[in-house]
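These are the residues of each chain, in order.
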Amino acid sequence: MAEHNYTISQIANLVGNQNFLSQPDQIIVNLLTDSRKVINASHSLFFALKGRKNSHQYIQNLYQQGVRAFVYYDRQFDIAAFPDANFIYSENPVKALQLLSIQHRKQFDFPVIGITGSNGKTIVKEWLYQLLAKDYAIVRSPKSYNSQIGVPLSVWKMSNSYNMALFEAGISEPNEMENLQKVILPTIGIFTNIGSSHDEGFADTTQKIKEKFKLFKESEILICNKRFEQYAFQHTKVITWSKSDPKADLFVNDIREIENNTRISAVFRTNEINISIPFNDKAAVENAITCWLILLELGVDNESIQNRMLRLQPVTMRLEMKSGVNNCSVIDDSYNSDLSSLEIALDFLAHQKQHEKKTLILSDIQQSGLSAEELYKKVADLLESKEIDRLIGIGNEISQYKALFSPSARFYNHTDTFIQNFKTADFRNETILIKGARDFGFERISKALSQQVHETVLEINLNAMEHNLNYYRSKLAPGVKLMTMVKAFGYGSGSFEIANLLQFNHVDYLAVAYADEGVTLRQNGITLPIMVMSPESSSIEAIVMHHLEPEIFSYEVLTAFTEYLKDKNIKNYPIHLKVDTGMHRLGFMPDDVDELVDYLLLNHHVKIQSVFSHLVGSESAQHDDFTKQQISLFKAFTTKLEDNLKYTFIKHICNTSAITRWPEAQFDMVRLGIGLYGVDNFTDDDKNLEHVATLKTTVSQIKQLKKGETVGYGRKGVMFHDGKTATVKIGYADGYLRALGNGIGTMLINNQEVSTVGNICMDMCMLDVTDKNVQVGDEVIIFDSQKSLYKMAEKLNTIPYEVLTNVSQRVKRVYYYE
Ligand SMILES: *Cc1c(COP(=O)(O)O)cnc(C)c1O
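Residues numbered from 1 in each chain as written. Predicted model: local features only at pLDDT ≥ 70, side-chain atom pairs only at ≥ 80, totals over all residues. Heavy atoms only, no water.

Draft legend 1. Up close: the pattern of salt bridges. According to the stated counting rule, one finds 34 salt bridges in the structure shown. Between Asp34 and Lys37 there is a salt bridge, with its nearest N and O atoms 3.9 Å apart. Note that Asp249 and Arg269 form a salt bridge whose closest N and O atoms lie 3.2 Å from each other. Placement of the pair is Asp249 in the loop between strand S13 (237-242) and strand S14 (250-258) and Arg269 in the loop between strand S15 (261-268) and strand S16 (271-277), with a sequence separation of 20 residues. Owing to a relative accessible area of 18%, Asp249 belongs among the buried residues under this scheme. Residue classification places Arg269 among the partly exposed positions, given a relative accessible area of 41%. Three or more residues are tied together by salt bridges with common partners; here these are Lys125, Glu126, Arg140 and Glu168. (Salt bridge = Lys/Arg side-chain N within 4 Å of Asp/Glu carboxyl O. Helix = DSSP H or I, 4+ residues; strand = E, 2+ residues; numbered from the N terminus. Buried < 20%, exposed > 50% of the residue type's maximum accessible area, 1.4 Å probe, protein only.)

See below:
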C-alpha cells in the first residue's frame, strides 16, 4: 500500500506551523488519537488533542512504547526531553488531522458514498457493505466513527486496494459539516432521515437539515426521501423514494409483513419490483429502501438485489463479555469479522486485565478487499502488537497462511472439526475472544465455552458507564482527582469488569466497602490504589498484603492497624482518615483533632494519604445550610491537621450529587458513586447520564385461564376475566421483591406493559398477559432505563441504589461494549 507511506516531513509540510524533525524520513502508516490504542508504534503519529485532560501527559508513555512522531499544541511542552523523536507544532491538532486526511482523500477517484441523517447512518453503511461486498472492495468507517476525529481516521484507511468507500458523518452543532464534507468529499450522498437527536445545537429542523446537506456540496448524486429533495444543491442529481408520492423515482406502494419477513413492493421508473427483508420494524424497512435505491442506481440486477436483501443481517456492534468455563472470561463477537472490527475487539481484549493469558478464536475473514496474503500478514501483525498468547484459526483460508503466525497457533478447516476436538480442559484462567464471520456458526463455540447462563441476566452497558464517567469528569475543576465507588459489587453491576474499565480510563482511586472486595480486584489485575471503607481487625493482614488502603474512622481502628504495622516494622503506610461532620455514621469527631495530631506526630507507621467526610444531603436544596456547615467543619478540621502535621494530603467530601451541586467543595478529589451507574439524585443531572443496567428474563410458559381461577401461592391472584398468564424466570431470590406481586410490579414484553398477578415466588412470578402478543421464550424487561428503574424503586418505596444492589449474585452479569 504504497500510497499510505507518507514521510513525517511530507506530513509536517502539510499540517505543521513549526516542525522539529530529528528523523525526517520516518514513514508514517498509522494515526493515533487515543494513547491507549497503540499499534505499529514506530510508524505511528500521535495527535495530542485538546480536551478534558492534557493529552501531552501521554507522550512520555507513548515514547516508551516506541512512538516517535507527535503533533502537539502546547509550546511549553519540553520536546527536548525526546531527542530522537519528531514533533510537529499545530495550534489545533484536530484541524491538522483533518488537513492530512483531506490531502489523503484527494489521491483516490473511486466512488465515495457519504451518509448522514439523524438515525440509521451506521445501519445503512453496514447493510450497504453486506449488499455490495460481492461487487466492490470496500473501505468503510469502523463502527460509528462519524465525528470530527472519527471521520478523518476513517478516510485515512483509504488505499489503492479498494474501489469503493462508505463513510458516515455525524454532527451535533452548526458549522461542523463543512469540515467533514472536505474530508469525505462524497461522490454519492445518502440522507437517511431527520429526527430529534442533538436538537440543542440547532435553531430548528430546517436549519438542522440544511446543515446536514452541506455534506453533499460536491456530490454528483444524492439519495433521499422525496420530501428532502428541496434542500439539495442545484447541480446534484437527486434520486428519491417515497411511500406517498408517485413522482419519486422509487415509489413504494405496498409494505406487507409475511411471518418474520417484510415484503416491500415498489415502482422504479415504471418497473414493478419488490424485495423481502428479514426484519419487521419500521426503521429497518426505511433503511432497506434507502439501500435498495443505491443498488438500483449502481445497476445491480434485480435478482441479485432480491437474494442479497433476503440475507441482510442485523447490525450488532456489540462485544459481549461473560463468565466462561474454568474461570475464563469469554468475549463474544461471533457475528462479524473484518479487519477493523477485529482491531476493535482485540483492543477490548487487551484491556481486560483479569487474566494474563489471552486467546483468540478467529475464522477466515471474508471480503476484506485485500489479497489473502496481505490480509493475514496484517492479522499476524495485529496479534503480535496486541500480545495475543494463542490463536485458534478456523477456516480453509486462514489455515493456508499458518506460516505467518506463531508456531503454537492451531488451525482447523471447519468449525465442526474444532468442536469435535474440543476439550473444556484446554481452556483455563484466560480471556478468550471469539470472533468469526456469521457463516462459521461460532455461536456454537461460544455456547461450549460459556458457563450455562440462566435466562435472567443483568446487562451492563460499558459505553454508557464510560459516558457517565466522562460527564462527571467534565464537571471537575482542573487537577481534581477522581475516586470511583465500586462497593457492593459495583452497586450491583460487577467487580473487576467495572474496575477494569475504570482503570483503563485512568481514574485515580477506587473504593470498596470490605477488604475481600479489594482482594478480588487485586487478584484480577487491578493495580489502582484502592480504599477499603470498613477495615475489620480480622482483615488487616489481607489489606497490607494486597496493598489496600484502609479508611481509619476511630482510635480503635487506628491503634489496631498501627500495632500490626509496628509488629511488621512497616513505616508510612497510606491511610485515609474519615471525619464525621454530620452523618453520624463512622468517623472521628471534629473535636478529636488535637488529640489526633498528638497521636499522629508520634506515629511513623502510618501516613495520611487523604482525609475525607461524607455529605448527608448534597442533592437537596432543603439541606443546603447543613451541607455548608459540613463543608466548613471539614475545612477547619483538615486545615488544622495539615498545619500541625506539616505535610499535605488529599481532601475530599463530594459524592455524586455534590460534584455538580457543590463544585466549590471539590477540594482535591471527589467520590463518584451512583452517577457512574446512570442515576443522580439531583434529577437535573439525570438527562446528561446514560442508563447502564438492564435487567431481563424470559417467558417459561403461557397458561390460558378462566375467569375466577387463581394464580400462585395463597390463591392471591384472581383472574377477573378469561385470559392468559405468562410465567417468567425471576423471583424474590433474584431481587424481584415480593412487594411487587399482585399487580404492583410491571414488566415489558415486546414493548407491551404487563402487570404481575398473584404473589411473587422465590424463583419465578406470573404476569397477566391477556390479549397481549406473548410467546414462550420471549424476552421480558424488568428495567432498561432510568425511568423504569425509578418507577420500580418508587413502587418499592425505596431508592434506585437499593433496587440495583438487590439484584442477586445468581443473576448473571453480561457486559457489553459497542
Ligand atoms: C457510597 C459512598 C459514596 C458515593 O455516594 P453516591 O451518592 O453514590 O455518589 C461516597 N462516599 C462514601 C463515603 C460512600 O460510602
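That covers the picture; the talk isn't over yet.
Draft legend 2. The packing of aromatic side chains, seen in detail. A complete count under the given rule lists 30 aromatic pairs for this structure. Ring centres of Phe77 and Phe87 lie 6.3 Å apart, and the angle between their planes is 45 degrees; on these two criteria the pair is classed as tilted. With Phe77 in the loop between strand S6 (69-72) and strand S7 (86-89) and Phe87 in strand S7, the pair connects residues that are ten residues apart, well separated along the chain. With a centroid separation of 5.7 Å and an interplanar angle of 40 degrees, the aromatic rings of Phe108 and Phe110 are classed as tilted. Through a chain of ring-to-ring contacts, three or more aromatic side chains come together here, namely Phe46, Tyr63, Phe70, Tyr72, Phe77, Phe82, Phe87 and Tyr89. Seen from the ring of Tyr63, Arg68 lies directly overhead, with NZ or CZ sitting 3.8 Å from the centre. Across the ring face of Tyr647, the terminal group of Lys607 is positioned such that the distance to the ring centre comes to 4.9 Å. (Phe/Tyr/Trp six-rings, centres within 6.5 Å; stacked < 30°, edge-to-face > 60°. Lys NZ or Arg CZ within 6 Å of the ring centre and 35° of its normal.)

Draft legend 3. Spotlight on the UniProt feature "binding site: substrate" (unreviewed entry) in the protein. When the UniProt feature table is mapped onto this chain, "binding site: substrate" (unreviewed entry) is found at Arg585 and Met762. The greatest C-alpha distance among the residues just named is 33.6 Å, and with 178 residues of sequence between them they are spread in space as well. Within the secondary structure, Arg585 sits in the loop between strand S28 (573-578) and helix H21 (593-601). Note on Arg585: relative accessible area 52%, which makes it exposed. By the element assignment, Met762 lies in the loop between strand S37 (752-756) and strand S38 (765-768). The exposure class assigned to Met762 is partly exposed, which follows from its relative accessible area of 44%. Beyond its immediate stretch of four places on either side in the chain, Met762 contacts Gly731, Tyr732, Ala733, Asp734 and Arg810. (UniProt positions renumbered as here; feature names shortened; annotations may be inferred. Contact = heavy atoms within 4.5 Å.)

Draft legend 4. Examining the site of the ligand more closely. As a structural note, the neighbourhood of the ligand is formed by Met485, Lys487, Tyr491, Met533, Arg585, His614, Asn655, Thr656, Arg671, Gly673, Ile674 and Tyr801. Here Tyr491 contributes a side-chain N or O atom positioned 2.6 Å from an oxygen atom of the ligand. Within the contact set of the ligand, an oxygen atom lies 3.2 Å away from a backbone nitrogen or oxygen of Gly673. Relative to its unbound accessible surface of 390 Å², the ligand loses 94% to contact with the protein. For the shell around the ligand, the residue count by class is five nonpolar, four polar and three charged. (Near = heavy atom within 4 Å. Polar contact = N/O pair within 3.5 Å; in protein donor to acceptor, adjacent residues only side chain to side chain. Areas by Shrake-Rupley, 256 points an atom, 1.4 Å probe, with all protein chains shown as cover. Nonpolar A, V, L, I, M, F, W, Y, C, P; charged D, E, K, R; others polar.)

Draft legend 5. Spotlight on the environment of Asp338. Note that Asp338 resides in the loop between strand S18 (329-333) and helix H10 (339-351). Residues Asp338 and Ser363 lie 25 residues apart in sequence; the distance between their C-alpha atoms is 10.0 Å. In this view, Asp338 contacts Tyr129, Arg140 and Ile365; residues no more than four positions away in its chain are not counted.

Draft legend 6. Region of interest: the sheet that holds S7. Across the sheet, five strands lie side by side as S2-S7-S6-S5-S4; this open sheet has mixed pairing. Of all strands in the sheet, those with a lone pairing partner are strand S2 (18-21) and strand S4 (30-32), marking the two edges. This sheet shows a mean twist of 15 degrees between the axes of neighbouring strands, independent of strand direction. With three bridges connecting them, strand S5 (residues 44-47) and S6 associate as parallel partners. Bridged to Phe47 within S6 is Val71. Taken strand by strand, helix H3 (residues 93-105) contacts S4, S5 and S6, and its axis lies near 140 degrees from that of S5. (Pairing = 2+ DSSP bridges. Axes fitted to C-alpha atoms, helices over the stretch in contact; angles between N-to-C directions.)

Draft legend 7. Region of interest: the nonpolar core. If you look at the biggest cluster of nonpolar residues, it comprises 168 residues, and the most contacted ones within it are Phe405, Leu510, Phe561, Leu577, Leu641 and Phe783. Ignoring sequence-local partners within four residues, the contact set of Phe783 consists of Leu458, His691, Ala693, Thr694, Leu695, Ser788, Leu789, Met792, Val803, Leu804 and Val807. If you look at the next biggest cluster of nonpolar residues, it comprises 40 residues, including Val124, Ile275, Ile294 and Val300. (Core = buried A, V, L, I, M, F, W, Y, C linked by side-chain atoms within 4.5 Å.)

Draft legend 8. Representation of the UniProt feature "domain: Alanine racemase C-terminal" (unreviewed entry) in the protein in the model. UniProt records the feature "domain: Alanine racemase C-terminal" (unreviewed entry) for residues 692-816 in the present numbering. The span residues 692-816 shows a helical share of 14% and a strand share of 37%, and its end C-alpha atoms are spaced 10 Å apart.

Draft legend 9. Spotlight on the domain arrangement of the protein. Looking at the assigned domains, one finds that the protein contains domain 1 (6-95), domain 2 (108-310), domain 3 (319-452), domain 4 (461-686) and domain 5 (693-817). The C-alpha centroid of domain 4 is placed 37 Å from the C-alpha centroid of domain 1. The interface of domain 1 with domain 4 comprises five residues on the first partner and six residues on the second. With both sides pooled, the region where domain 1 packs onto domain 4 buries about 530 Å², and carbon together with sulfur makes up 57% of that total. Applying the counting criterion to the domain 1 and domain 4 interface returns zero salt bridges. Across the domain 1-domain 4 interface, the total number found is one residue pair in polar contact (both at pLDDT 80 or more). (Domains from an automatic or database assignment. Buried area = accessible area lost by both parts, 1.4 Å probe.)

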